[in-house]
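Listed below are the residues making up each chain.
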Amino acid sequence: MCVLTHIIGPGKGFSYYYSRLKEADDFYLERSDLEVYLEEGIYLCKDNSAISFDILEWWKSHETKFPILSKMAAHILAILVTTVASEATFSAGGRVIDTYRASLKPETVQALISGGDWVRKLHGVKKKNKLRMASLKEILTRRPVAATVRLTIPAGQAKPGPPVGPAVGQYKVNLMAFCKDFNARTQKYKPDAPIAATVTVFKDNTFELSVRSPSVTWFLKKAAGIESGSGRAGHVVASTLTLKHIYEIAKVKQADPYCQYMSLEAISKSIIGTANSMGIKVDKELVD
């Protein structure tokens, strides 16, 4: 220590050492990651380990040596996906994704690409046709919407008076044309059947009408001959229906816009669930 003080002067030993160390660090950092990487030797895989070589894992283990190149490798080589941990479902905190593991392995990518074709072939499902030019043109020239009106009207009983007139007439829609269209579409139902109608009114005073069959609860109550369901579902049985009733209701509901792509089995299961919640027992052996 005395020799160092004699050379550089008193009180300057640590500051001199620190300044020299900083100069050495600055000099080292002048070399880029690429220059250091190019001076590295070639990585040789042993035996058949090249098949299972994880290049992202290699860059992760060399992150401290190549801080910039490792981040570039993570962005270029990774196939990014969005993941949320199951335990974070009800968490208000931020989501943390490891940049080195936000990727899919080649085997997984291949499975995702070919898996859809395999499933479609197994279950006999055809691919949906691509969007035709006519449909694209229709979307591009879509008319501006002025309002969307939702009504519940008895089947075949639409009239220019209330509730149709005040709700739809305010948008200068041709009420006679609307009533004629609605009554023609709902003539297959009983006159007292409540039909849910959605009217899309455009700014040029034209309209589009979409109708849905009565609710499942309405069908179930009519089939069971009751006014309301059980107040203690699961304990008190309000009525009993057969699977034939469920099947007939499912066939009617399948014509609805939101159910046309569902199978009869799926719709029937949903109807059975609604029946159970109303205290209506579905007897699989009872013959109607």
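Residue positions are given per chain, counting from 1 as you read along its sequence in written order. Where local features are concerned, this predicted model is filtered to residues with pLDDT of at least 70; where side-chain atom pairs are given and counted, the filter is 80 or more; whole-chain, interface and lining totals use all residues. Heavy atoms throughout the structure, all of them, feed into the side-chain values; hydrogens and water do not.

- By the naming in an unreviewed UniProt entry, the protein chain goes by Ribosomal protein L11 and is assigned to Tanacetum coccineum.
- UniProt positions are given in the numbering used here, feature names are shortened, and annotations may be inferred rather than shown by experiment. For the record of the protein chain, the UniProt heading Sequence similarities (unreviewed entry) holds the text "Belongs to the universal ribosomal protein uL11 family."

## Some points on the layout of surface pockets
Working step 1: A 1.4 Å probe that fits into a set of points on a 1 Å grid over the protein atoms alone but cannot get out defines a cavity; an open set with protein on both sides within 12 Å along at least five of seven lines defines a pocket, and lining residues are those with an atom within 4 Å of a point. Grid points are joined across faces, edges and corners, and a volume is the space filled by probe spheres set on the points. Roughly 250 Å³ of internal volume is contained in the second largest pocket.
Working step 2: Lys190, Ala193, Trp218, Phe219 and Lys222 are, among the 13 residues lining the second largest pocket, the residues nearest its centre.
Working step 3: Secondary structure elements with two or more residues in the lining of the second largest pocket: α10 (216–224) and α11 (243–253).
Working step 4: Every helix listed is a DSSP run of H or I at least four residues long, and every strand listed is a run of E at least two residues long, numbered separately from the N terminus. Take the lining of the second largest pocket: its biggest share by element is four residues, from α10.
Working step 5: Each residue receives one of three labels: charged for Asp, Glu, Lys and Arg, nonpolar for Ala, Val, Leu, Ile, Met, Phe, Trp, Tyr, Cys and Pro, and polar for the others, Gly being one of them. Split into classes, the residues belonging to the lining of the second largest pocket amount to eight nonpolar, no polar and five charged.

## Side note on the environment of Lys159
Working step 1: Structurally, the position occupied by Lys159 is in the loop between β1 (145–154) and α8 (164–169).
Working step 2: Looking at Lys159, the relative accessible area reads 57%, which means it is exposed.
Working step 3: Separated by 23 residues in sequence, Lys159 and Phe182 place their C-alpha atoms 9.7 Å apart. Exposure classes here rest on a 1.4 Å probe applied to the protein chains alone. A residue is buried below 20% of its type maximum, exposed above 50%, and partly exposed in between.

## Comments concerning the confidence of the model for the protein chain
Working step 1: Taken over all residues, the pLDDT of the protein chain has a mean of 75, while the share at 70 or more is 66%.
Working step 2: By definition, pLDDT measures how confident the predictor is in each residue, and it falls between 0 and 100. By definition, residues are in contact when any of their heavy atoms lie within 4.5 Å. Note that pLDDT drops below 50 for residues 25–29; the model gives that stretch zero contacts with residues more than four away or on any other chain.
Working step 3: Every residue in residues 88–97 scores below 50 in pLDDT, and together they form four contacts with partners more than four places removed in sequence or on other chains.

## Some remarks on the side chain of Ser213
Working step 1: Within the element layout of this structure, Ser213 appears in the loop between β3 (207–212) and α10.
Working step 2: For Ser213, a relative accessible area of 5% gives the class buried.

## Considerations on the pairing of β3
Working step 1: Residues Phe207, Leu209 and Val211 point to one face of β3 and are all buried, whereas Glu208, Ser210 and Arg212, pointing to the other face, are not buried.
Working step 2: Summarising the sheet, strand β2 (residues 194–202) and β3 pair through six bridges and their orientation is antiparallel. For Thr200, the partnering residue across the bridge sits in β3 and is Glu208.
Working step 3: Each pair of strands is called paired provided DSSP finds at least two bridges between the two strands. Two successive antiparallel strands, β2 and β3, enclose a turn made up of four residues, where Asn205 displays a positive phi of approximately 75°.

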